[in-house]
Amino acid sequence: MRELQFREALREAMNEEMRKDESIFLMGEEVAEYNGAYKVSQGMLDEFGEKRVIDTPIAELGFAGIAVGAAMNGLKPIVEFMTFNFSLVAIDQVINSAAKMLSMSGGQFPIPMVFRGPTGNAGQLAAQHSQNFENWYANCPGLKVVVPADPYEAKGLLKSAIIDPDPVIFMESEVMYGDKGLVPEEEYYLPIGKARIVKEGSDVTIVTFGKMLSRVVMPAVEELTKEGINAEVIDLRTVRPIDYATVIESIKKTNRMVFVEEAWPLASISTEVSFRVQREAFDYLDAPIIRITSADVPLPYAPTLIQEALPNAARVIKAVKEVLYVNK
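Residues numbered from 1 in each chain as written. Predicted model: local features only at pLDDT ≥ 70, side-chain atom pairs only at ≥ 80, totals over all residues. Heavy atoms only, no water.

Undergrad: Residue-level account of the sheet that holds strand β3 (residues 53-55), with values.
TA: Pairing is mixed across the open sheet formed by seven strands, whose spatial order is β3-β2-β4-β5-β7-β6-β12. Each having just a single partner strand, β3 and β12 (238-240) make up the two edges of the open sheet. Averaged over all pairs of adjacent strands, the angle between strand axes in this sheet comes to 20 degrees, irrespective of strand direction. (Pairing = 2+ DSSP bridges. Helix = DSSP H or I, 4+ residues; strand = E, 2+ residues; numbered from the N terminus. Axes fitted to C-alpha atoms, helices over the stretch in contact; angles between N-to-C directions.)

Undergrad: I'd like to hear about the packing of helix α1 (residues 6-20) against helix α7 (residues 151-163), residue by residue, with values.
TA: At their nearest, the axes of α1 and α7 sit 8 Å apart, and the two run at 30 degrees to each other. When the axes of α1 and α7 are compared, the pair comes out roughly parallel. In this structure, α1 meets α7 at a crossing whose hand is right-handed. Along the contact surface, α1 presents Phe 6, Ala 9, Leu 10, Glu 12, Ala 13, Met 14, Glu 16, Glu 17 and Lys 20, while α7 presents Pro 151, Ala 154, Lys 155, Leu 158, Lys 159, Ile 162 and Ile 163. For the contact of α1 with α7, a count of residues per class yields 10 nonpolar, no polar and six charged. (Parallel < 35°, antiparallel > 145°, perpendicular 65-115°, else oblique. Left-handed = near helix turned anticlockwise from the far one by under 90°. Contact = heavy atoms within 4.5 Å. Nonpolar A, V, L, I, M, F, W, Y, C, P; charged D, E, K, R; others polar.)

Undergrad: Could you give an account of empty space enclosed by the protein, naming the residues involved and the relevant values?
TA: Throughout the structure, instances matching the rule amount to one cavity of 30 Å³ or more. Reported here for the largest cavity is a volume of approximately 100 Å³. (1 Å grid on protein atoms, 1.4 Å probe; cavity = no way out; pocket = protein on both sides within 12 Å on 5 of 7 lines; lining within 4 Å. Points joined across faces, edges and corners; volume = space filled by probe spheres on them.)

The structure is reproduced here in structure tokens:
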């Protein structure tokens, strides 16, 4: 094992797969000459050349369409959006072309490609650059949606995404690129669609994904542990497909659930998982499920308002105590 930054783990995943398969290429704004807006693709132009690491104009709809066409013709594109906020410009190609082409062509045109880039807030970047669209993309049949939580997960899941026969939305937290974590030296893949139990517990199940795990949930769990509350923590890893079975088995043990995600509350991933839990494990629940999301507003610019709008550890601790009836 060695310690890598989140961006380095992503780069290793792409490098390893591109060395094995010449049909894989990377394209996006500033991925080549500038080494990537977040330096994820640093050094890749030197190794793979300009035909496989391609700088594009600021034209997401255009280069996303080129990538879909390339996938239809047997190549395996990795499309980097400088941020998933900008993917909305290309969403017609993502939803109406990439996600639907296999079905509409009667299986003649698989679309083995990855759309990747940063998601979520990163401080004072204002409302148009601070959004979470995991639930938007997860709503669309034909796509897989992956949201890794640390460098180890990022590398293993991205390698699986690159070799997957279907289009994969791979969403990386903008504030995590410098995060460090242990990554094996040997090659490995992590399964798409299988959640992981980060911490076993007996009192309450906390479900989350992406940066909420390290930034919000684990600090809250640390404090809860000091108070004698033993929380089980589940990282979904992927939000399409969702590993409902792991969540439900945990609920059968703990009988309580708190779900933490950064998106807005309406039609969120937590909404869907909460419905499924009450549908399949209602008799095991000893308290109503509590969801913690961002406020139902465009993210403000003022730091004080940002703190009020986003999930935080204090809100998780309060929610856990509510489902445990600790303060009642």
